[in-house]
Every structure is written in C-alpha cells, then in structure tokens.
Amino acid sequence: MDAHLAFRDVGGTRLHLGVCGSVAVYRAPDLVRRWQDAGLAVSATLTPSAQKFITPLTFAALGAAPVYTAAFDDPQAPTPFAHLEPGQVAQALVIAPASAATIARLAQGQADELLACQALAFRGKVVIAPAMNPAMWNHPATRANVATLRSRGCAVVEPGCGRTACGEEGQGRLADLREIHLAGLRALAPQDMEGLRIMVTLGPTREHWDGLRFWTNPSTGTMGAAVAVAAWLRGATVEAVCGPGTPWLPAGIVRHDVVSARQMLDAAASVWPSCDAGVFTAAVADFSPVPPSEHADKKFKKSDAPDGFGVRFAPNPDILKTLAADRRPDQKVVGFAAESQGLEESVRGKLVSKKADMVVGNLIRDGFGMADNTVFVADASGREERWTRLSKTGVAWRLLSWLLSR
Ligand code: CTP
C-alpha cells in the first residue's frame, strides 16, 4: 500500500463488497485485504455469474465474513435475512466489478437476485465500479441506468480505458483498485469538508541549470499527497499542485503538474483565489542555478569547463509567503517547516514570518522520505502540540481536523 493511501479508521466499521460476473473478478479479492488494512470488517456477496469465475472460498480465506452466495429464499443461506443483513450492519456497499445486468437491476429496483435485494435494502452509501465490454458500457441503456444511479447519490468509479479482455479497445476495464479502495473509504468518511476547496502544494521542485542537469531535493510528496487524499475523502474539492515525481492521486483530485518553483507559483496563484484553504507542503527549492545563457537548453560539455566551474544561484519566489500576503480574510493558510535543528523556534518563527494560520514542522531526519512523521504543530492563536510518531496519513487527518476547528 502506498504510504499516502494508508488511511485507517476513517469512519464506519464494516463495508460490504458485491461481486458480479466479469473476468475482472480476479482483482476483487485484493480489495478485501485493502479495506481490512484500513481497519474495516468486510463481508461479500457473489452473484451466480461471479461464481462462474471465482469461488466464495477465495473471499472467505481472505477473511471476508460472511460471504453470501445463495438467493434469499435458499434454505442453505446463512440467515433467512441475508437480503437485509448487509444493510443493517455495514455502512457502505461497494459493487466491484459491477456488471451491466446488476447496474440495470439496481436502476430499476428489480430485486430478483440476492445482491440486488441487498442493494435495495441498503441504507448506507452505495458505490459501483463497473466493468464490461466498451459497447455495453456505451449503450444508451447502460448510460441511462448509470445516470439514474448517480442521481440517487450512488458514487460511480468510472471504468478505465484501454484493451479489454474481449480484445476490444475502449472504456470498460475495471478501474484501478486504488480508486475503488478510496471510493469505499470516501463512502465511510465524515463529509465534514464538503463544499470546501483546498489547494495543496507538494513534492520537490526541480530547477534546471542546463538542458540536462538540475538542482532539487529528495522530497517524495508523500505528506502532501496524504493531505490531498484526506481532504478529498472528507468531501473537499482538492487542487493539487504537484512537483516532479509526486505520487499517484485519485482522479477526483484536480492535479496540476509542474517542474520548477516559478511554475509552481504560477499554478498555485491561478487556483488560489477560488480556494478556502491552502496547505503548503512542497519542498520548494529556495534557489535556482543560473545557467550561462548559451547553455540554457543545451548539454554543458566537459570541454566547456576543463578546469571546473562555479555555479551562481538566484533566489526563487516564496510561494506560501506570496499567496498568504494578499489572501482574503476567510482563506486559511497552513505551512510546513522542515528543519535540521531548532524545530519549535523555527515553527513559531515561520508562523509569523509567513503569516500562516498554522505551521506543521518536522526535523528532516524524522520525516523526509518516510511513511510516518513526528511533528510539532503551532497555530496563530497560540495553541501548540507535539504529536508522537504517526503515519503521514494520520498527520494529514489530524491537521485537517485542527484546521476545521479554527
Ligand atoms: N515555501 C514556499 N516557497 C518557497 C519556500 C518555502 O511555498 N520558496 C513553503 C513550504 O512549502 C513550507 C514553508 O514555506 O510550507 C516553509 O518551508 P521551509 O523549506 O521549511 O522553509 P523556508 O521558507 O524555505 O526557509 P528556510 O529554508 O530558510 O528554513
């Protein structure tokens, strides 16, 4: 599991997985593991068509319990109320893969199969991750059924594009499992950031010196990606301004890929006016090497400097400071601080010098390139806390709760 996606205990206790007949069922058992790792109990229902591709034993062996297979009137069913039970005990239903037939049943409320019955009796949030032949996905009947489900609040994890098992090209492949995993968590998470637009800067920047070489730092963007995903899980609209090499983000997050500090400033400045808060996690290069003018786009050759050479650096804009300086009073600003020493004084100093509402600081040896972090947090009201070692997803979740409480 990628460190920025390793969320635990986001809300809810149990998720029910519905599995339909599709060659993509071979990927569904992995979802059980992912949600269990997120602290959830998982149960499952396999439709009769799904059972032609995979057995219930696979899901049971991975710890899904119960695994429903029979029609609700079958004497072998684990309970006479198998058609109601998931709706009574689980807080989210995710159908992955969702076939055209099951989508049609759900759209029409046609309860002639156990999974369709369970969906009809389900009180919590429903998510479908369709998988089918591209012609079936594009058929007006499927389009109308999906639109109906969306209009009722069902979340749809769009199928991916490419070559399908039947050999055709188009949209219809089961989505990336990370998307489905996160859609399940989003269905369970509190939607306490709904209606908010959050900008996050993340990752390093890369400052080119010639056509080949650049100046940068080893930031992976994990912390910022965790903040972006946490805000999205909690219902926010998220604009992520990403430096090079930053991690995968779900399609629901608007991603702006940039390379240099100046590009990051331009991208951030263009989205900032529409945002309610900015979380500036990027490890922006404070300086750029100044290329000799004749080498800017070319490769600097050994023969260009047989006796070595010096490099001059020019300062880069401070993105946080620039955007915080002329923000509206309702816009909140969260800064980060990466220090080699004197953490607490630096955090307090940056809170003032950057005009931030809150600064989250860590020592470089505690956070850079790691899945977890030990941070010191201070806000403009004078509140200060030191958080003992937490996953970066845990830090992200807590700092957003703090931000919401201000
Ligand atoms: N930051 C920024 N633009 C820069 C430098 C920093 O937006 N050119 C932001 C970072 O994203 C972070 C905060 O400012 O939220 C502090 O960054 P940090 O690197 O800790 O400090 P600097 O401001 O660069 O100062 P110094 O390197 O001297 O500690």
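Scroll up for the structure.
Now for a quick tour of the structure. For clarity, every value in this text was computed on a predicted model and none was experimentally measured.

Here is what the cut-offs are and how they apply
- Residues numbered from 1 in each chain as written.
- Predicted model: local features only at pLDDT ≥ 70, side-chain atom pairs only at ≥ 80, totals over all residues.
- Heavy atoms only, no water.
- Salt bridge = Lys/Arg side-chain N within 4 Å of Asp/Glu carboxyl O.
- Buried < 20%, exposed > 50% of the residue type's maximum accessible area, 1.4 Å probe, protein only.
- Helix = DSSP H or I, 4+ residues; strand = E, 2+ residues; numbered from the N terminus.
- Pairing = 2+ DSSP bridges.
- Axes fitted to C-alpha atoms, helices over the stretch in contact; angles between N-to-C directions.
- Contact = heavy atoms within 4.5 Å.
- Near = heavy atom within 4 Å.
- Polar contact = N/O pair within 3.5 Å; in protein donor to acceptor, adjacent residues only side chain to side chain.
- Areas by Shrake-Rupley, 256 points an atom, 1.4 Å probe, with all protein chains shown as cover.
- Nonpolar A, V, L, I, M, F, W, Y, C, P; charged D, E, K, R; others polar.
- Parallel < 35°, antiparallel > 145°, perpendicular 65-115°, else oblique.
- Left-handed = near helix turned anticlockwise from the far one by under 90°.
- Core = buried A, V, L, I, M, F, W, Y, C linked by side-chain atoms within 4.5 Å.
- Domains from an automatic or database assignment.
- Arc of directions from axis to C-beta.

1. Things to note about the pattern of salt bridges
Turning to step 1, where the next piece is worked out: Under the criterion given, the structure shown has 21 salt bridges.
Turning to step 2, where the next piece is worked out: Salt-bridge contacts for E158 lead to R150; the nearest nitrogen and oxygen are separated by 2.5 Å.
Turning to step 3, where the next piece is worked out: When its relative accessible area of 35% is taken as the criterion, E158 is described as partly exposed.
Turning to step 4, where the next piece is worked out: Residue R150 is classed as partly exposed on the basis of its relative accessible area, which comes to 39%.
Turning to step 5, where the next piece is worked out: In this structure, D379 and R406 form a salt bridge, with 3.1 Å as the shortest nitrogen-oxygen distance. Of the two residues, D379 is situated in strand β19 (residues 372–379) and R406 in the segment after α15 (392–405); the sequence distance between them amounts to 27 residues.

2. Brief notes about the sheet that holds strand β20 (residues 384–391)
Turning to step 1, where the next piece is worked out: An order of β13-β12-β9-β14-β17-β18-β19-β20 is seen for the 8 strands of this open sheet, with the pairing classed as mixed. With partners counted over all chains shown, the strands left at the sheet margins are β13 (254–257) and β20, one partner each. Along the sheet, successive strands turn relative to each other by an average axial angle of 20 degrees, direction set aside.
Turning to step 2, where the next piece is worked out: Bridge count for strand β17 (residues 332–339) against strand β18 (residues 358–363) is 6 bridges, and the pairing is parallel. If you follow E339 over to β18, its bridge partner there is L363.
Turning to step 3, where the next piece is worked out: Relative to the sheet, helix α13 (residues 343–353) contacts β17, β18, β19 and β20, its axis offset from that of β18 by approximately 150 degrees.

3. What to know about the site of the ligand
Turning to step 1, where the next piece is worked out: Around the ligand, 14 residues are found, and the nearest of them are F280, A282, F336, K350 and K354.
Turning to step 2, where the next piece is worked out: Within the backbone of F280, a nitrogen or oxygen atom sits 2.6 Å from an oxygen atom of the ligand.
Turning to step 3, where the next piece is worked out: Computed on the free molecule, the ligand has an accessible area of 560 Å², of which 77% lies beneath the protein chains in the complex.
Turning to step 4, where the next piece is worked out: Contributions of two or more residues to the shell around the ligand are made by α12 (319–325) and β17.
Turning to step 5, where the next piece is worked out: With 4 residues, β17 is the largest single contributor of residues to the shell around the ligand.
Turning to step 6, where the next piece is worked out: Of the residues belonging to the shell around the ligand, the class tally is 9 nonpolar, 1 polar and 4 charged.

4. What about the packing of helix α10 (residues 222–233) against α15?
Turning to step 1, where the next piece is worked out: Interhelical geometry of α10 versus α15 gives an angle of 55 degrees and a closest axis separation of 8 Å. Comparing the axis directions of α10 and α15 gives the class oblique. In the crossing of α10 with α15, the sense of the turn from one axis to the other is right-handed. Along its contact with α10, which presents T222, M223, A226, V227, A230, A231 and L233, the element α15 presents K392, T393, V395, A396, W397, L399 and L400.
Turning to step 2, where the next piece is worked out: Taken together, the residues that form the contact of α10 with α15 break down as 11 nonpolar, 2 polar and 1 charged.

5. Quick look at the nonpolar core
Turning to step 1, where the next piece is worked out: Membership of the largest hydrophobic core comes to 75 residues, with the highest contact counts inside it found for L17, W35, F59, I180, L185, L233 and L399.
Turning to step 2, where the next piece is worked out: Sort the elements by how many residues they give to this core and α10 lands first, with 10 residues.
Turning to step 3, where the next piece is worked out: Shared between two domains, this core takes at least three residues from each, and those domains are domain 1 (3–188) and domain 2 (197–291 + 315–405).
Turning to step 4, where the next piece is worked out: Beyond its immediate sequence surroundings of up to four residues, L185 is in contact with F7, V10, W35, A38, L40 and L233.
Turning to step 5, where the next piece is worked out: Grouped together as the second largest cluster of nonpolar side chains are 26 residues, M264, V271, C275 and A378 included.

6. Considerations on the sheet that holds strand β1 (residues 14–19)
Two strands in a sheet stick together by hydrogen bonds in their backbones, pointing the same way (parallel) or opposite ways (antiparallel).
Turning to step 1, where the next piece is worked out: If you walk across this open sheet you meet the 6 strands as β3-β2-β1-β4-β5-β6, and the pairing is parallel. Looking at which strands have only one partner, the edges of the open sheet turn out to be β3 (67–68) and β6 (155–156).
Turning to step 2, where the next piece is worked out: The sheet contact formed by β1 and strand β4 (residues 92–98) spans 4 bridges and is parallel. For L15, the partnering residue across the bridge sits in β4 and is A92.
Turning to step 3, where the next piece is worked out: Docked against the sheet, helix α1 (residues 28–37) engages β1, β2 (41–46) and β4, running at close to 175 degrees with respect to β1.
Turning to step 4, where the next piece is worked out: Packing of helix α9 (residues 177–188) onto the sheet brings it into contact with β1, β4 and β5 (125–130), and relative to β4 it is tilted by some 160 degrees.

7. Here's the deal with α1
Turning to step 1, where the next piece is worked out: Within the sequence span of α1, burial applies to A28, P29, L31, V32 and W35. Each buried residue of α1 lies within a common arc of 150 degrees when the element is viewed along its axis, so the set occupies one face.
Turning to step 2, where the next piece is worked out: The secondary structure elements touched by the buried residues of α1 are β1, β2, α3 (56–61), β4 and α9.
Turning to step 3, where the next piece is worked out: Looking one or two residues past α1, G39 carries a phi angle of roughly 90 degrees, positive in sign.

8. Some remarks on the packing of α1 against α9
The description of two helices packed together rests on the angle between their axes and the distance between the axes.
Turning to step 1, where the next piece is worked out: In contact at an axis separation of 10 Å, α1 and α9 are set at 45 degrees when each is read in the N-to-C sense. The angle between α1 and α9 places the two elements in the oblique class. Along this stretch, α1 crosses α9, giving a crossing that reads as right-handed. Touching D30, L31, R34 and W35 of α1 are L177, R178, I180, H181, G184 and L185, all from α9.
Turning to step 2, where the next piece is worked out: A per-class count over the contact of α1 with α9 returns 5 nonpolar, 2 polar and 3 charged.

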